[in-house]
Amino acid sequence: MRIQDQPVVSGSEVFSILRAGLILPPEDFLARLKVFVDQLNTRPNLPGGKHRIMIQALAFEECITSAFNLVKMVEDLGGQVVTDDLNQGMRWVTTPLSLQGDPFASLARYYLEQVIGAYLRPASQRTDLLLQAANQAQGDGVIVCTTKYCDPYSFELPYLEKEFGDKDLPVLFLETSLSMPPAQLKNRVEAFLEILRT
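Residues numbered from 1 in each chain as written. Predicted model: local features only at pLDDT ≥ 70, side-chain atom pairs only at ≥ 80, totals over all residues. Heavy atoms only, no water.

Draft legend 1. Geometry of the sheet that holds strand β4 (residues 171–176). Taken in spatial order, the four strands make up an open sheet running β2-β1-β3-β4, and their pairing is parallel. This sheet does not close on itself; its edge strands, each paired only once, are β2 (79–85) and β4. For this sheet, the mean angle separating the axes of adjacent strands, direction not counted, is 25°. Examined bridge by bridge, strand β1 (residues 51–57) and strand β3 (residues 141–147) share five bridges and lie parallel to one another. Looking across to β3, one finds that Met54 is bridged to Val142. Across the sheet, helix α7 (residues 151–166) touches β1, β3 and β4, and the angle it forms with β4 is around 170°. (Pairing = 2+ DSSP bridges. Helix = DSSP H or I, 4+ residues; strand = E, 2+ residues; numbered from the N terminus. Axes fitted to C-alpha atoms, helices over the stretch in contact; angles between N-to-C directions. Contact = heavy atoms within 4.5 Å.)

Here you go:
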């Protein structure tokens, strides 16, 4: 839905939907989701021509807090978040779950074979998946958001930077903390989007 040049759903709406799916009772969430999906056919498309950004972070809490919403910030500054790599985001819905054979074995394989955080798989596997997702979404750039002092993700950054650089995919690395002022992050995101415009 948000991969199109002129999507009907913004990145911030997708994140709101994913977050609601984590906290609402399933029957309530599914009823609300059905209403939302039914309305998509009558919604006008959002303007196109914006820089298409992929956000990579471990969890919502690294890029969306009460004081700082990276997705909304990118949109407010003229970008379009077209895909993500979050534990509670697209990571869980892009890997198909086999419905063949024993359901418990299929579910176990699904969980064990997921290429999720930097702490569970080699950087090469994750980087391949990130590049594939960015290419599929026709991304113009990637914003990697990590929590300060998160060593597994920090160790992975030089490798990501090299691999993305080899593919001519600009990357902005943001190290966040709860005490970091949002204005500082906004300046860096704004400068990154400006670089993409040139």
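What follows continues from the structure just given.
Draft legend 2. View of helix α8 (residues 182–197). Under the 1.5 Å per step criterion, the end-to-end length of α8 is 23 Å for 16 residues, consistent within 8% with the ideal 22 Å. Considered for burial, the residues of α8 that qualify are Leu185, Val189, Phe192, Leu193 and Leu196. Considered in projection along α8, the buried side chains sweep an arc of 95° and stay on one side of the axis. Facing away from the buried side of α8 by more than 90 degrees, the exposed set consists of Ala183 and Ile195. Looking at the packing, one finds that the buried side of α8 touches β1, α4 (70–76), β2, β3 and β4. (Expected span 1.5 Å × (residues − 1). Buried < 20%, exposed > 50% of the residue type's maximum accessible area, 1.4 Å probe, protein only. Arc of directions from axis to C-beta.)

Draft legend 3. Spotlight on the environment of Pro122. For Pro122, the location among the structural elements is in the loop between α5 (103–113) and α6 (123–136). Accessibility expressed as a relative area gives 46% for Pro122, which makes it partly exposed. Separated by 34 residues in sequence, Pro122 and Glu156 have C-alpha atoms that sit 9.1 Å apart.

Draft legend 4. Fine view of α6. Across its 14 residues, α6 extends 20 Å between first and last C-alpha, which sits within 8% of the 20 Å expected from 1.5 Å per residue. Burial in α6 covers these residues: Arg126, Thr127, Leu130, Leu131, Ala133 and Ala134. Projection of α6 onto a plane perpendicular to its axis shows the buried side chains occupying an angular sector of 165°, all on one side. In α6, the exposed residues that point more than 90 degrees away from the buried face are Asn135 and Gln136. On its buried face, α6 is in contact with β1, β2 and α7. Just downstream of α6, Gln138 is the residue with a positive phi angle, here 55°.

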